[in-house]
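Here is how the chains run, residue by residue.
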Amino acid sequence: MREQHAADIAATVREHDVHLGGLIQVNPLAVVVIDAHDLVQMCNPAFEKMFGYREADIIGQPIDPLIVPAENRHEAEALSRLGFAGQTADSVTRRRRKDGSIIDVELTVVPLSHEGTSIGAYGIFRDLTEQKHAERHLRAQYAVVEALAHSATIEEAAPWVLRAVAESVDWQLGAMWIVDRTADKLRCLDLWCAADVSAAQFEQETRNGRFARGVGPGRTWDTEKPAWIVDVTKEGRFSRREAAAAAGLHSAFSFPMILSGDVIGVVEFFTSAVLEPDDSILRMFAALGRQLGAFVGRSRTQEQVEGFFTMSQDLLCVAGFDGYFKRVNGSWTRVLGYTPEELLAEPHVNLVHLEDREATIAQLTSLRAGGLMNSFENRYRCKDGSYKWLLWTAIAKPDEEIIYAVARDNTDRKLIEQQTQDTLRMRNDFVSFVTHQLRTPLSGIKWMLELAAEGTDADEKTSYIQDAHESADRLIGLVNDLLDASRLESGKLRVVLEAVNLRTLTGDVLDDVTTLVREKGHTVTVESAADLPDVTSDPQLLRQVVMNLLSNAIKYTPPGGRIAIRMGLDGRNLRWSIHDSGIGIPKASAARLFEKFFRADNVHTVDTEGTGLGLYLVRLIVERFGGTVTCESEEGRGTTFAFTLPRAGALT
Amino acid sequence: MTKSILLAEDDKFLRRAAETKLKQAGFDVRVAVDGDEALAQAREQPPDLMLLDLLMPKRDGLSVLKALKADTVTAAIRVVIISNSSKDLEMQNASDLGAVDYWIKSNLSLQELCDRVQRLLGEAS
């Protein structure tokens, strides 16, 4: 009865079709005819092609188990009922092909009636796979572009990209691998897994996995092409097979991330379904692979540039035409002491030294007009108030109203330049001074000898020659002092250390100046402890110290003055002092008294013949033997010079 | 008429030698041992020529020269710097301040010094 009925339906439809010029048979849309019991009565070639069934094999079979995925069963039944009830119904849904793959379709159910009685329904399918793929492709693309736009590195982008792609193709798990050039292995960068999949073991094996070229995801690295595995649980070469089975994952596809023709990583996706290779998916992701590769390339370039920006010892910055910094690197903080926020908060010209501001503004103006700033130097104020010399190179991009600038901290070099100039000037001063000092006694000798040669009176001649002698002595003294000072300064003076008794030494020096003392009518007293210990020193040099101090006292004390020398112990040291009732030393001069070539402001009232080396030598010598020299004075009242030296044995 | 010379020189040997020589040559020579004295003497009795040392006690030669040129009484005095310093800067300063010449003592014999003075004073008369 049912057979008969079925044959009738098919015959009826065919008869109609003939009238319609074979519309059903030649229709590019897939058409299936079912009876009121959901059994297939006929289908057209387009249906056979779309679902992979031959008509002869499915005639009389229930339609739903053939082509309806489990999750769509209720929807399919509801559609059929509408059709049987005489209504046309439309639905965008999914159906399954014979091979198990799912296709997106637009399904129209049209009632089939015969002589007013509903006898079944037409199912008309339009394949939406291509359209769906295009949509998915777009969605995935959009999601990936979004993910990349918000990420600086592939590491940041990975979870978003994996999720976007997996969701767009409705797969459950994705993993991204990156080529580790050093290890020459693929290393898992990130993994994304749908919430409803428990893939703990698989995730662990994936995250910890390291794959060589040609192994696991490394196969895609090797072939440089997308790959598809229908069921990884049955793939002998798939090492994470058991874990995949435990997670219920079956089909997999992977594609390489390609940068300039090189594979730099691999992305793989897994699904719980068992699916035949889908060319459209593979094609879509081959393109995505290149896109990801290009992103990695850009982010690496960016990273390199950032690396230089961060690492640079120079001060790098980007500034706007508005006069504010937009970005500064860490060297700014290191050199000037400001935080980046502080630097960005005020017009940068505010930090420029007032004296350099005008030149800086002129440079900026020409820079904005498209010029180049090169080898320009200015001073920047540091947070601590000091200034640093910066040497600038800068270029502007007028279109963007931006200046890129590099500044080098040139302070040290400036300082060295300054010091070199100072040293040169000092050397010039020294040469000038010494030249003058040498020429003066030389002129004296020369002129006195000239007078002596021309003179007629014998006494006169003798007197001229006497003056020439004195000038010569002064010259020799000057040369010797200069030599001593120079050797003491460079530490090259050879000293002979021995125990020296200062009391004896002072007595010897006094003997040498007896005449001078008598001429000026001074009174010299010497006080000393009877058991004065020796000092360890060079007797010749120490003699010079005593001589210089004593002759100063004699010279700068008006006739009839009092000079008192005292020697005694001062703790572990021996102290020698000389007090005079002389002209004293102005306060302003006291501080510089022991400097080379320095002469107190008031010495010229007495003479101009001193070299400014005497006290300098005293200091050099006393310090050479571990002692100190001091001076106390009151202008017009007198002066006390004192030096201390370690007692013998204290110096090792 | 005997020309007068004011010799400002702090070094006693050079002062004595130059004074002796110039007097022998017939000049009326007065001496000053420091800057203050030089200025005072020049003001008191302006000489025909002043031989002025630079490095002197109390007031250096350039300061004396400046003061002389700023004072109408002494501005016309012809001043020759006699120094043993040969710093370019000092030479330039002396010239700028109106010194007629700059002689380096050690490079001159007393005779040459005397000849130069004679030439200068001869031109003037």
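The preceding data block contains the structure.
The rules we used
Residues numbered from 1 in each chain as written. Chains lettered and ligands numbered in written order. Predicted model: local features only at pLDDT ≥ 70, side-chain atom pairs only at ≥ 80, totals over all residues. Heavy atoms only, no water. Helix = DSSP H or I, 4+ residues; strand = E, 2+ residues; numbered from the N terminus. Buried < 20%, exposed > 50% of the residue type's maximum accessible area, 1.4 Å probe, protein only. Contact = heavy atoms within 4.5 Å. Areas by Shrake-Rupley, 256 points an atom, 1.4 Å probe, with all protein chains shown as cover. Pairing = 2+ DSSP bridges. Axes fitted to C-alpha atoms, helices over the stretch in contact; angles between N-to-C directions. Core = buried A, V, L, I, M, F, W, Y, C linked by side-chain atoms within 4.5 Å. Expected span 1.5 Å × (residues − 1). Arc of directions from axis to C-beta. Phe/Tyr/Trp six-rings, centres within 6.5 Å; stacked < 30°, edge-to-face > 60°. Polar contact = N/O pair within 3.5 Å; in protein donor to acceptor, adjacent residues only side chain to side chain. Salt bridge = Lys/Arg side-chain N within 4 Å of Asp/Glu carboxyl O. Buried area = accessible area lost by both parts, 1.4 Å probe. Nonpolar A, V, L, I, M, F, W, Y, C, P; charged D, E, K, R; others polar.

Peer 1: Sorry if this is basic, but what is going on with the overall build of chain B here?
Peer 2: Scanning chain B for helices and strands turns up five helices and five strands. Classification of the 125 residues of chain B by burial places 53% in the buried group. Intrachain contacts of chain B at a sequence separation of at least 6 include 60% that bridge at least 24 residues. Within the structure as shown, chain B displays about 5,400 Å² of accessible surface, and the carbon and sulfur contribution to it stands at 47%.

Peer 1: Sorry, what's going on with the sheet that holds strand 4 (residues 78–83) of chain B here?
Peer 2: Residues and elements named next belong to chain B. Across the sheet, five strands lie side by side as 2-1-3-4-5; this open sheet has parallel pairing. Sheet topology places strand 2 (28–32) and strand 5 (101–104) at the edges, where each strand pairs with a single neighbour. Each neighbouring strand pair of the sheet contributes to a mean axis angle of 20 degrees, computed without reference to strand direction. Here strand 4 pairs with strand 5 via four bridges, running parallel. Residue pairing across strands places I82 opposite W103, the latter belonging to strand 5. Contacting strand 1 (4–8), strand 2 and strand 3 (49–52), helix 1 (residues 12–24) runs over the sheet at an angle of about 165 degrees to strand 2.

Peer 1: Please clarify how unusual backbone geometry should be interpreted in this entry.
Peer 2: Glycine aside, residues mostly have negative phi, and peptide bonds are mostly found in the trans state. Residues and elements named next belong to chain A. In this model, D38 sits at a positive phi of 70 degrees, which is unusual for a non-glycine residue. As for its position among the elements, D38 is in the loop between strand 1 (30–35) and strand 2 (40–43). A positive phi angle, close to 55 degrees, is found at D184, a residue other than glycine. Tracing the backbone through its elements, the reader meets D184 in the loop between strand 6 (173–180) and strand 7 (185–193).

Peer 1: How should the pairing of strand 6 of chain A be read in this particular structure?
Peer 2: On a regular strand, each side chain points to the face opposite its neighbour's, so the side chains alternate between the two faces of the sheet. Residue and element names in this part refer to chain A. The buried fraction of strand 6 is high, at seven of eight residues. Where strand 6 and strand 7 come together, eight bridges link them in antiparallel fashion. Bridged to V179 within strand 7 is L186. Linking strand 6 back to strand 7 in an antiparallel pair, the connection comprises four residues, with D184 at a positive phi of about 55 degrees. Sheet topology note: the strand 6/strand 11 (residues 262–271) ladder contains six bridges and is antiparallel. Counterpart to W177 in the pairing with strand 11 is V266.

Peer 1: Mind showing me how you'd approach the nonpolar core here?
Peer 2: In globular proteins that are soluble, nonpolar side chains generally tend to be buried together. Residue and element names in this part refer to chain A. If you look at the biggest cluster of nonpolar residues, it comprises 57 residues, and the most contacted ones within it are V161, M176, F202, F253, F269, F285 and L292. Every residue in contact with F202, bar those within four places of it in the chain, is listed here: L173, F238, R240, A243, A244, A247, L249 and F270. Of all hydrophobic cores here, the second largest spans 47 residues; its members include L493, L615, I621 and F643.

Peer 1: Could you clarify how one ought to interpret helix 6 (residues 73–84) of chain A in this entry?
Peer 2: In an α-helix, one turn spans 3.6 residues; hence positions three or four apart end up facing the same way. All names here are of chain A. With 12 residues, helix 6 extends 17 Å from end C-alpha to end C-alpha; this agrees with the ideal 16 Å at 1.5 Å per step. Where helix 6 is concerned, the buried positions are A76, L79, S80 and G83. Taken end-on, helix 6 shows its buried residues confined to a sector of 100 degrees, consistent with a single buried face. Turned more than 90 degrees off the buried face of helix 6, the exposed positions are H74 and R81.

Peer 1: Help me understand the packing of aromatic side chains, please; the structure alone is not making it clear to me.
Peer 2: Aromatic rings considered in pairs are described by the distance between their centres and by the relative angle of their planes. Residues and elements named next belong to chain A. Applying the stated criterion across every chain, the model contains 21 aromatic pairs over all chains. The interplanar angle of 75 degrees and the centroid separation of 5.1 Å between the aromatic rings of F51 and F125 together place this pair among those described as edge-to-face. Separated by 74 residues along the polypeptide, F51 in helix 3 (residues 45–51) and F125 in strand 5 (residues 117–127) bring together distant segments of the chain. Aromatic pair F253 and F269: ring centres 5.5 Å apart, planes at 35 degrees, arrangement tilted. With a gap of 16 residues between them, F253 in strand 10 (residues 251–259) and F269 in strand 11 connect regions that are remote in the sequence. Using a relative accessible area of 1% as the deciding quantity, one classes F269 as buried.

Peer 1: Honestly, the side chain of A:S151 in this entry has me stumped. Any pointers?
Peer 2: Within the secondary structure, A:S151 sits in the loop between helix 7 (129–149) and helix 8 (154–169). Of the polar contacts made by the side chain of A:S151, one reaches the backbone oxygen of A:A147; its length is 2.7 Å.

Peer 1: Before we go on, may I ask you to explain the pattern of salt bridges in this structure?
Peer 2: If charged atoms from side chains of opposite charge come close, those side chains can pair. Evaluation of the coordinates by the stated rule reveals 35 salt bridges over all chains. Each member of the salt-bridge network shares a partner with another, and the members are A:R94, A:D104 and A:D170.

Peer 1: Even after reading the chapter, I still don't get the side chain of B:S106, so can you show me in this structure?
Peer 2: One can find B:S106 in the loop between strand 5 and helix 5 (110–124). Given the relative accessible area of 15%, B:S106 is considered buried. A polar contact of 3.4 Å, which involves the side chain of B:S106, links it to the side chain of A:R439. If we skip the residues at most four places from it in the chain, B:S106 touches A:R439, A:S443, A:K446 and B:N84.

Peer 1: What should I look at first to understand the interface of chain A and chain B in this one?
Peer 2: Taken together, the contact between chain A and chain B spans 23 residues of the former and 28 residues of the latter. A buried area of about 2,400 Å², summed over both sides, lies between chain A and chain B, and 57% of it is on carbon and sulfur atoms. Area buried by chain A at its contact with chain B is led by A:H436, A:R439 and A:W447, which between them contribute 30% of it. Between the two partners, chain A and chain B, sit four salt bridges. For the side of chain A that touches chain B, the elements supplying multiple residues, two or more each, are helix 16 (411–454) and helix 17 (458–490) of chain A. Top contributing element to the side of chain A that touches chain B by residue count: helix 16 of chain A, with 13 residues. The class makeup of the residues in the side of chain A that touches chain B is four nonpolar, 10 polar and nine charged.

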